[in-house]
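# Secondary and tertiary structure notes
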Amino acid sequence: MTDQTDKGAAGRAPGRSQAGPHPLGGSADVLVGRGADVLARLADVIEQRKGGDPDKSYVARLFHKGSDAILKKIGEEATEVVMACKDGEPAKIVAETADLWFHSMLALSAFGLRPADVIAELERREGLSGLEEFALRKHEQRSKEGT
């Protein structure tokens, strides 16, 4: 398997796909039109369910257990994404990534954040190379520390 990091992403915002066929069928430009709306609606559902009955809602159950349970699930799901990628099955990669995103959204909610906060950060980084963005964060951190 080859490293696909940053390949084909030049000139595109993170999360924005080029139009065209998608390996699972349909069009790869779905995220451009509907992705942020889907994430916002899912975040609303999470907010509605997180204080619910832990016996009736998976979301409520995780929130009832506390942020450590949510963070543990993120670690598990991240590992499953890695394993799916190693298997190279597109449907499995998508399914496991969806699980990771969902549990990441639970963490966002636990800390008073929304998907729009992440999207805004991705938009802020748009047009920066990964190396430029890393250098900028490093500089900002040093400025905060006064060094």
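Residues numbered from 1 in each chain as written. Predicted model: local features only at pLDDT ≥ 70, side-chain atom pairs only at ≥ 80, totals over all residues. Heavy atoms only, no water.

### With respect to the overall build of the protein chain
Regarding its fold elements, the protein chain presents six helices and zero strands. Mapped in sequence order, the helices and strands of the protein chain form the string α-α-α-α-α-α. Burial status across the protein chain gives 20% buried among its 147 residues. The long-range fraction of contacts in the protein chain, counting pairs at least 24 apart against all pairs at least 6 apart in sequence, stands at 47%. Summing over all exposed atoms, the protein chain offers an accessible surface of approximately 10300 Å²; the carbon and sulfur share of this is 56%. (Helix = DSSP H or I, 4+ residues; strand = E, 2+ residues; numbered from the N terminus. Buried < 20%, exposed > 50% of the residue type's maximum accessible area, 1.4 Å probe, protein only. Contact = heavy atoms within 4.5 Å. Areas by Shrake-Rupley, 256 points an atom, 1.4 Å probe, with all protein chains shown as cover.)

### Section: the side chain of Glu-96
Inspection of the secondary structure assignment puts Glu-96 in helix α4 (residues 90-110). For the buried Glu-96, no salt bridge is present, and the opposite-charge side chain at shortest range is Lys-92, 6.3 Å distant. Excluding anything up to four places from it in sequence, Glu-96 contacts Glu-77, Glu-80, Val-81 and Ala-84. (Lys, Arg positive; Asp, Glu negative; His and termini not counted. Salt bridge = Lys/Arg side-chain N within 4 Å of Asp/Glu carboxyl O.)

### As for the environment of Phe-111
Secondary-structure assignment places Phe-111 in the loop between α4 and α5 (115-125). Phe-111 gets classed as exposed once you look at its relative accessible area, which sits at 54%. For Phe-111 and Ser-67, which are 44 residues apart along the polypeptide, the C-alpha to C-alpha distance reads 8.9 Å.

### Considerations on the confidence of the model for the protein chain
Averaged over the protein chain, the pLDDT score is 81; the fraction of residues at 70 or greater is 77%. Per-residue pLDDT stays below 50 along residues 1-21; that stretch engages in 22 contacts with residues further than four places along the chain or on separate chains. (pLDDT = per-residue confidence, 0-100.)

### A word on the packing of α5 against helix α6 (residues 130-145)
Between α5 and α6, whose axes approach to 10 Å, the crossing angle comes to 110°. In terms of orientation, α5 and α6 fall into the roughly perpendicular class. Contacts from Glu-121, Arg-124 and Arg-125 of α5 reach α6 at Glu-133, Leu-136 and Arg-137. Tallied by class, the residues present in the contact of α5 with α6 amount to one nonpolar, no polar and five charged. (Axes fitted to C-alpha atoms, helices over the stretch in contact; angles between N-to-C directions. Parallel < 35°, antiparallel > 145°, perpendicular 65-115°, else oblique. Nonpolar A, V, L, I, M, F, W, Y, C, P; charged D, E, K, R; others polar.)

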